[in-house]
Amino acid sequence: MADDARSGNASPIEAGLVSMPDERPMRSLAERLTRRIAWLCVMATALVGLFRFAQIYYSERASFDNAVAQVSQTHLPLLSSSLWDIEPTAVQHLLQEIVKAPQIQTARLQASTGQYFEAADPPLLEKRPPPGGGLMPQGDVNFQIPGPVGKHRILGQLSLDFNHGYLKRQLISSGLRVLLVGGLLTLVFSGLTLRILRRELRQPLHDLARFAAALAPGKRPPPLVLNRPEQSHRDELDVVVDGFKTLRDDIELYVKERERRAEQLELAVARRTATLHEVTRYLESISRRSSRCLNLAVDEYPDMIRATLRDISSFTGHCSLAIAEQAAEGEPLICRFVWIAPHDRIAGMAVDQALLPDLIGPLQRGWSVVRYKRLADAEPARAQAMQRHGIQALVSCALQGNNGRTQVLMGASSRPEQWTFRDDRMAKMAAEMLFNIMRHWQDQLALRRLHQELEQRSNTDSLTGLANRRWFDELKLEETRRALRSGSPLALVAVDVDYFKGYNDNYGHAQGDQCLVAVSRMIQQTFNRAGEMPARVGGEEFTVLLPEHDLQQALSQAERLRQCVIDLAIPHQGSPLQRVSVSCGVACILPDHIQSGASPDQIIADALEAADLALYRAKKSGRNQVSS
């Protein structure tokens, strides 16, 4: 059977086309209803019995209270007189009279003189005085027996016990009567109900069951006739019969409609499956593009955005796509990225060009999606704009921020078509991904600009614009290592402004700063070839690194710098020359003449010291000189 199911030859029951037969045991509905009625009768009998028990109990308790009241009114004075006159026989006789009431079982009396009397119904075999001659046990009701009138004295105590046996007999008698009557009524009602149900319900239900079993598609069952006496009125069974007849007539129509619907459903499932497959590929593409953006370099973002537009176009019927931005309200929408599909002939969609203002229309804050499957769906102004662009179908998804900045993803086609953007969520998803990529790219560009600016500020002297001491200390080791690897010379020029302290004293620090700026500008113009790096290493001290320069080349450039500074003719009353001048010290690292084992740090330190000594000699020789 398993092999048949796998091979497609499963039985109708295994395929779920035919229901399995119900194997539960058959029980008559009439019998079930009869049993329920019997249980209801039993419960009603039980409730009546409980009510009768309560009634008898409270009645007997009331009778006991009445007997006690009678004892208090009648027998208590007599007992007082008998005890006062010391007549034991009379006392015992009065107790016997008291217990004749059926509700009182025992009467006990203990005199103050110690005598004990007791009477019971039924009579006790022997009297049981208080144990050890002590106090008499308390009963259900207790009386103090006073003395005769005018004698303020308690003659004894009378105790009465309720007759529980009498109450029990009354309850049992009443319960048996209720049980007998309830049982008879239960049997009568159950028998009559069973007979009526079997005659009026069981046979018609069997007829209905046989008719329902004969119902099947493509087979007309026999007429439905119930085997029961004719009636002058309709009841629920007649309504059921009418329903089965209507069901019989509708089965054939239903089968035909089901076959037609099954064909339609199969076609709809096929279309929906194709759509879901296409949407799944679209979502996977978006997810893949989004994840790739996490590790992109800044310069790779434009190509990434264009490739993403191309992929989205392939999933949207090969439409043309454009990303446009509006920097502020009132400004035009400028296309930033454009992908034109091969078959489209659309005008006005080019990078750095503005879209027609009526093409997108007014936008609201937040997200807005507009779609037109054909030119006739758009309002007249937008339809004219679409026609001028050569657009027949359009979908746009725009995001306008609170600051007025707007981003728009627009898909357009030169032919009417059904968009793969089935709903606004898919269009918004693609737009949000692209806007996030552009935002991330712009953030990366801003971050790179800030980083470059920060790096430049950290490496540049704020006054002169030359490299500062920190940047010079980093580069001098790099250039030293490069010179050692390549075997090329590395020259250093130490520059100092002559008599600069006196210049500041005479002209002030602001003028002194202007003087340093002019000198540093001349140093930059003199040493402006690739690899040459001038730096400000002190107040008026400068150092220049000259890779691949020997000593003579460095001396020549230093001399040119000295002469250019003199030619600036900056007045300086504290200088013998009456103008600003500089002194230069030159040193050179020749890798061929360096002792083996010397470290780059030590080599450049020795070269800087040699340049400083040369500068010292130039100043000692009268300044405005170049020394090596």
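Going by the structure above, here's the rest.
Read on for a plain summary of the structure. (Residues numbered from 1 in each chain as written. Predicted model: local features only at pLDDT ≥ 70, side-chain atom pairs only at ≥ 80, totals over all residues. Heavy atoms only, no water.)

Before going further, it helps to examine the sheet that holds strand β4 (residues 154–162). Working definition: the strands of a sheet are paired by backbone hydrogen bonds and lie parallel or antiparallel to each other. Here four strands make up an open sheet; going across it, the order is β2-β1-β4-β3 and the pairing antiparallel. Each having just a single partner strand, β2 (116–120) and β3 (141–146) make up the two edges of the open sheet. Neighbour-to-neighbour, the strand axes of this sheet turn through a mean angle of 15°, independent of strand direction. Across five bridges, strand β1 (residues 104–111) lies against β2 in antiparallel orientation. The residue of β2 that forms the bridge with Gln110 is Tyr116. The sheet strands contacting helix α3 (residues 88–98) are β1, β2 and β4, and the helix crosses β2 at an angle near 30°. (Pairing = 2+ DSSP bridges. Helix = DSSP H or I, 4+ residues; strand = E, 2+ residues; numbered from the N terminus. Axes fitted to C-alpha atoms, helices over the stretch in contact; angles between N-to-C directions. Contact = heavy atoms within 4.5 Å.)

Under the criterion given, the structure shown has 20 salt bridges. With a shortest N-O distance of 3.1 Å, Asp461 and Arg536 are connected by a salt bridge. Separated by 75 residues along the polypeptide, Asp461 in the loop between α9 (424–459) and α10 (469–486) and Arg536 in strand β11 (residues 533–536) bring together distant segments of the chain. Using a relative accessible area of 16% as the deciding quantity, one classes Arg536 as buried. (Salt bridge = Lys/Arg side-chain N within 4 Å of Asp/Glu carboxyl O. Buried < 20%, exposed > 50% of the residue type's maximum accessible area, 1.4 Å probe, protein only.)

With that out of the way, let us pick up the side chain of Ser82. Inspection of the secondary structure puts Ser82 in helix α2 (residues 29–85). For Ser82, a relative accessible area of 7% translates into the label buried. Residue contacts for Ser82: discarding those within four places in its chain leaves Glu87, Ala90, Val91 and Leu94.

Right, let's talk about the side chain of Ser174 for a bit. Following the sequence through the fold, Ser174 ends up in helix α4 (residues 164–214). Among residues more than four places away in sequence, those in contact with Ser174 are Arg52 and Ile56.

We now examine the sheet that holds strand β12 (residues 541–547). Taking strand neighbours across the sheet as the criterion, the five strands line up as β11-β12-β10-β13-β14 in an open arrangement whose pairing is mixed. Whereas interior strands pair on both sides, the edge strands pair on one side only; in this sheet they are β11 and β14 (626–627). Two strands pair when backbone bridges link them, and strand β13 (residues 582–589) and β14 are joined in this way by two bridges, in the parallel orientation. Among the inter-strand pairings, Gly585 is bridged to a residue of β14, identified as Ser627.

A surface patch of nonpolar side chains, amounting to about 500 Å² of accessible area, comprises Leu180, Val181, Leu184, Leu185 and Phe189. With respect to the helices, strands and loops of the structure, Leu185 is situated in helix α4. (Patch = residues over 30% accessible without salt bridge, like charges linked within 9 Å, V, L, I, M, F, W, Y side chains within 5 Å. Areas by Shrake-Rupley, 256 points an atom, 1.4 Å probe, with all protein chains shown as cover.)

Running from N to C, helix α11 (residues 500–507) and helix α12 (residues 509–526) cross one another at 135°; their axes reach a closest spacing of 7 Å. Considering the angle they form, α11 stands oblique to α12. Here Phe500, Tyr503, Asn504 and Tyr507 of α11 come into contact with α12, specifically with His509, Gln511, Gly512, Cys515 and Leu516. Considered class by class, the residues forming the contact of α11 with α12 number five nonpolar, four polar and no charged. (Parallel < 35°, antiparallel > 145°, perpendicular 65-115°, else oblique. Nonpolar A, V, L, I, M, F, W, Y, C, P; charged D, E, K, R; others polar.)

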